Amino acid sequence: MILMDIGVNLLHRSFDRDRESVVRGAEKAGVSPLVITGTDAQDSLRAAEWAWAWAAREKGKLYSTAGVHPHNAKTCGSQTLGLLREAAAAGPVIAIGECGLDYNRDFSPRDVQREWFEKQIALAAELGLPLFLHERDAFDDFYSLLKNARGRIKDMAVHCFTGTEKELDAYLELGCYIGITGWLCDERRGRHLEKLIRKIPSAQLMLETDAPFLLPRSLEEKPRAGRNEPKYLPHIARAAARFLGKEPELLAEETFANSMRFFAPKFRDS
């Protein structure tokens with residue numbers, strides 16, 4: 001089974017001591033390449049630099065995104081877009097994001113979130129890159145901005161989808177790819193996804209861990225620290241395949257192809 005993890009927070013402090021081992025462990029488990037998620041301007045530069053340094057030794061194993069998470073929108077300023085453009089100019093950067101809206105925790109004011117989400121949409125359109133998206137409890141505003149931008153954006157992926165059937169239908173109508181994480185393996189919060197994953201067309205489904213977050217609760221042997229890693233993506237794939245009534249190897253093949261197609265322009269260039 002060969003899988004691509006489209007969302008790994010590899011620069012998170014929990015990986016500081018063993019970042020390279022995490023990449024190697026994922027590869028040993030059949031998970032490669034990995035896409036490192038950028039969450040603010042400086043983090044996006046670091047992610048690009050880390051992926052670039054790895055590519056100097058082994059091409060095609062690490063990529064990254066460049067963007068500002070809505071939690072961090074309040075940190076944006078006059079240099080932010082320039083830094084994101086600088087990051088996006090690197091070969092390993094294959095999408096703009098993680099960007100969007102989060103009204104659940106409101107770590108940044110909502111008007112500031114909307115302003116910087118719109119700016120990142122415009123940046124993706126300018127650079128011809130897909131959008132790697134985050135939405136939580138902000139569907140109406142989020143969907144409205146995406147719908148208005150649809151004709152200007154190459155592709156969009158709703159990362160870590162956990163929403164409702166109505167929301168899923170709306171995203172699919174826009175042609176969005178849908179990222180499914182270990183939330184699917186959570187018997188407390190993820191049961192509704194067992195049904196909803198069946199509504200996602202096979203050509204629009206992608207898989208991710210969002211590591212180090214969202215460790216699958218159904219893992220038989222959990223790490224003591226509770227840290228998720230990309231090497232657990234096959235567990236998520238097997239759970240998804242079970243709910244879809246597919247062989248895990250077939251689902252892995254389909255989602256890998258979807259991920260390659262979503263990121264295709266920069267994959268060809270790197």
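Residues numbered from 1 in each chain as written. Predicted model: local features only at pLDDT ≥ 70, side-chain atom pairs only at ≥ 80, totals over all residues. Heavy atoms only, no water.

Peer 1: Just give me the short version of the sheet that holds strand β1 (residues 3-8), but keep the residues and values in it.
Peer 2: Pairing within the open sheet is parallel, and its 8 strands lie in the order β1-β2-β3-β4-β5-β6-β7-β8. In this open sheet, the two edge strands, each paired with only one partner strand, are β1 and β8 (205-207). The mean angle between the axes of side-by-side strands here comes to 30 degrees, regardless of whether they run parallel or antiparallel. Against the sheet, helix α4 (residues 110-127) makes contact with β4 (93-102) and β5 (131-136), and its axis sits at roughly 160 degrees relative to β4, the strand it touches most. Contacting β1, β2 (31-36), β5, β6 (156-158), β7 (177-180) and β8, helix α9 (residues 248-262) runs over the sheet at an angle of about 100 degrees to β8. (Pairing = 2+ DSSP bridges. Helix = DSSP H or I, 4+ residues; strand = E, 2+ residues; numbered from the N terminus. Axes fitted to C-alpha atoms, helices over the stretch in contact; angles between N-to-C directions. Contact = heavy atoms within 4.5 Å.)

Peer 1: Explain the packing of aromatic side chains residue by residue, including any values.
Peer 2: Here the structure, examined in full by the defined rule, presents 8 aromatic pairs. Between F117 and F142, the aromatic rings sit 5.4 Å apart at their centres with planes inclined by 5 degrees, giving stacked as the arrangement. Within this pair, whereas F117 is found in helix α4, its partner F142 is found in helix α5 (residues 139-149), the two being separated by 25 residues in sequence. Among the aromatic residues, those joined into a ring-pair cluster are F117, F139, F142, Y143, F161 and Y171. One residue, K119, lies across the ring of W116, its end atom 4.2 Å from the ring centre. When the ring centre of F243 is taken as reference, the NZ or CZ atom of R242 above it lies at 5.1 Å. (Phe/Tyr/Trp six-rings, centres within 6.5 Å; stacked < 30°, edge-to-face > 60°. Lys NZ or Arg CZ within 6 Å of the ring centre and 35° of its normal.)

Peer 1: Please give an account of unusual backbone geometry that cites residues and values.
Peer 2: With omega at 5 degrees, the peptide bond leading from S32 into P33 counts as cis. Examined against the element boundaries, P33 turns out to sit in strand β2. Cis rather than trans, the peptide bond between G97 and E98 has omega equal to 15 degrees. Counting through the fold element by element, E98 comes out in strand β4. Even without being a glycine, D210 presents a positive backbone phi close to 60 degrees. Among the structural elements, D210 can be located in the loop between β8 and α8 (233-244). Looking at D210, the relative accessible area reads 10%, which means it is buried. (Buried < 20%, exposed > 50% of the residue type's maximum accessible area, 1.4 Å probe, protein only.)

Peer 1: Outline the environment of R85, supporting the account with residue identities and numerical values.
Peer 2: Mapped onto the secondary structure, R85 falls in helix α3 (residues 80-88). Along the primary structure R85 and R217 are separated by 132 residues, whereas in three dimensions their C-alpha atoms are 38 Å apart. What R85 contacts, discounting residues up to four positions off in sequence, is L123 and E126.

Peer 1: Please give an account of the pattern of salt bridges that cites residues and values.
Peer 2: Summed over the entire model, instances satisfying the criterion amount to 23 salt bridges. Between K195 and E165 there is a salt bridge, and its shortest N-O distance comes to 3.4 Å. Of this pair, K195 sits in helix α7 (residues 191-196) while E165 sits in helix α6 (residues 165-173), placing them 30 residues apart in sequence. Its relative accessible area of 48% is what places K195 among the partly exposed residues. Residue D186 is joined to R188 by a salt bridge in which the shortest nitrogen-to-oxygen separation is 2.9 Å. (Salt bridge = Lys/Arg side-chain N within 4 Å of Asp/Glu carboxyl O.)

Peer 1: How would you sum up α5? Please name residues and give values.
Peer 2: Residues F139, F142, Y143, L145, L146 and A149 constitute the buried set of α5. The arc that holds the buried residues of α5, viewed along the axis, is 165 degrees, so those residues lie on one side. Residues of α5 that are exposed and point over 90 degrees away from its buried face: D140, K147 and N148. (Arc of directions from axis to C-beta.)

Peer 1: Can you tell me about the state of the cysteines, naming the residues and giving the values?
Peer 2: Under the definition given, this model contains 0 disulfides. Unpaired in terms of disulfides, C76 finds its nearest cysteine sulfur in C99, a separation of 11 Å. Here C176 stays unpaired: no disulfide links it, and the sulfur of C99, its closest cysteine neighbor, is 12 Å away. (Disulfide = S-S within 2.5 Å.)

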